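Architecture at a glance
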Amino acid sequence: MTEATTRTHSLRHATRTRVSLRRDRSNAFGWLLASPYVIGLTLFSILPLAYAVYESLQPSTSLSGGNAFVAAFTDFRLIPALVNVGTYMAIYLPIMVVGTVVLALLVDVQQRRFGVFIRLVYVLPGVITGSASVLLWYLMLEPKTSPFGPVLNLIGFHSNSDMFIGRNLPVLFALMAFATGFGQWVVVLHGSLQSISGDVLEAAKIDGANDLQTALQIKVPLIAKYISYMLVLSFAGALQIFAEPLILDTIANVGGATWSINQLGLYFAFNNGDFASAAALSLVLLVACLIVAVLTIRKGGLFNTEVTE
């Protein structure tokens, strides 16, 4: 009996040892796979964030040693920059969210006819992004160089000064951002629509729902988490708009060096030599993005699973 008991304990101990070794190897392999991301996150997010916090606590040269946050918030250029970015976001975000959802639903309905082709067409504008996109849009909208010059002249745009003026910039930037960004989100949302069970759609059809009712009452609620994800990233990108106004100010002399909030931060750092105020402004943008992200994720249930639901 004693020998049998000893053998049983030995087998249990060996089994636990093998399971423990297997778990340790699995954990080590997981950390190995995650290490590039962890290293990148540390080098390009955590450390810069820590340095920005440290820098924002230093005296501001704009206020002769005063608080950097006070210097940033009392600067006379901040309110115009907020108005510019707010106007741009008010135009861009509804167009981006509503337009992308509508296009994704249309592709889903017509996917048997030309789904693959139309998805490719939607993605192509996103191939040209950043500064190249701004230059392309400038050439297309400049009445004297654009192939659409006759059309632009017909609607009242005869020269560079007619098109690229301050009040037109939020609309132009919204069109640029939508054209370069909507295609990839159409593909993402179309993929999420493919995950909807055919039984659910068939049940809606049997209940008498037409295509519009199915889209609004069945499909959109089921992909709400993906829409919220798109909204979070679009909001963060729009709030931090930088390249478009900077390049357009350089080539068309419109908007100014502090049109956007990020441009104002650049001006603080490299024109005024006030790195503390620039860091403070960047932290404010980060906090604004985090607040919107948390609220949107909680409302849209981005990280909900079947268990939590």
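Residues numbered from 1 in each chain as written. Predicted model: local features only at pLDDT ≥ 70, side-chain atom pairs only at ≥ 80, totals over all residues. Heavy atoms only, no water.

Quick word on the overall build of the protein
- Counting its regular elements, the protein contains 14 helices and 0 strands.
- Listing every helix and strand of the protein by position from the N terminus yields α-α-α-α-α-α-α-α-α-α-α-α-α-α.
- Taking all 309 residues of the protein together, the buried fraction comes to 35%.
- Long-range pairs, those at least 24 residues apart, make up 69% of the contacts in the protein with a sequence separation of at least 6.
- Accessible area of the protein: about 18600 Å², with a carbon and sulfur share of 66%. (Helix = DSSP H or I, 4+ residues; strand = E, 2+ residues; numbered from the N terminus. Buried < 20%, exposed > 50% of the residue type's maximum accessible area, 1.4 Å probe, protein only. Contact = heavy atoms within 4.5 Å. Areas by Shrake-Rupley, 256 points an atom, 1.4 Å probe, with all protein chains shown as cover.)

Here we look at helix α14 (residues 275–300)
- The end-to-end C-alpha distance of α14, which contains 26 residues, comes to 37 Å, matching closely the 38 Å that a straight helix rising 1.5 Å per residue would cover.
- Among the residues of α14, Ala276, Ser277, Ala278, Ala279, Ala280, Leu281, Leu283, Leu285, Cys289, Ala293 and Thr296 are the ones counted as buried.
- Positive phi appears at Gly301, one or two residues downstream of α14, with a value of about 65°. (Expected span 1.5 Å × (residues − 1).)

Description of the packing of aromatic side chains
- Per the counting criterion, the structure on display carries 7 aromatic pairs.
- Seen from their ring centres, Tyr51 and Tyr54 are 6.3 Å apart, and the 35° between their planes marks the pair as tilted. Pair noted here: Tyr51 and Tyr54 are both in helix α1 (residues 2–56), with a separation of 3 residues, about one helical turn.
- Relative to Phe275, the ring of Phe270 has its centre 5.6 Å away and its plane inclined at 80°; by these criteria the two rings are edge-to-face. (Phe/Tyr/Trp six-rings, centres within 6.5 Å; stacked < 30°, edge-to-face > 60°.)

Comments concerning the nonpolar core
- Tyr88, Met89, Tyr92, Phe164, Phe173, Leu239 and Leu248 are the most contacted members of the largest nonpolar core, which totals 58 residues.
- Residue assignment for this core shows that the elements contributing at least two residues are α3 (78–109), α4 (111–123), α5 (130–141), α8 (169–194), α11 (224–239), α12 (243–252), α13 (261–270) and α14.
- When residues of this core are assigned to their parent elements, the largest contribution, 14 residues, is made by α3.
- If we skip the residues at most four places from it in the chain, Met89 touches Pro94, Phe235, Ala238 and Leu239. (Core = buried A, V, L, I, M, F, W, Y, C linked by side-chain atoms within 4.5 Å.)

Overview of the side chain of Ser133
- Mapped onto the secondary structure, Ser133 falls in helix α5.
- Once residues lying within four places of it in the same chain are set aside, the contact partners of Ser133 are Ile128 and Thr180.

As for the environment of Ile91
- Looking at the element boundaries, Ile91 is found in helix α3.
- What makes Ile91 partly exposed here is its relative accessible area of 25%.
- On a C-alpha basis, the gap between Ile91 and Val171 in space is 6.9 Å, while along the polypeptide they are 80 residues apart.

Topic: the confidence of the model for the protein
- Overall, the prediction assigns the protein a mean pLDDT of 85, with 86% of residues at 70 or greater.
- Here α4 is the element of the protein with the lowest mean pLDDT, 68, and α13 is the one with the highest, 94. (pLDDT = per-residue confidence, 0-100.)

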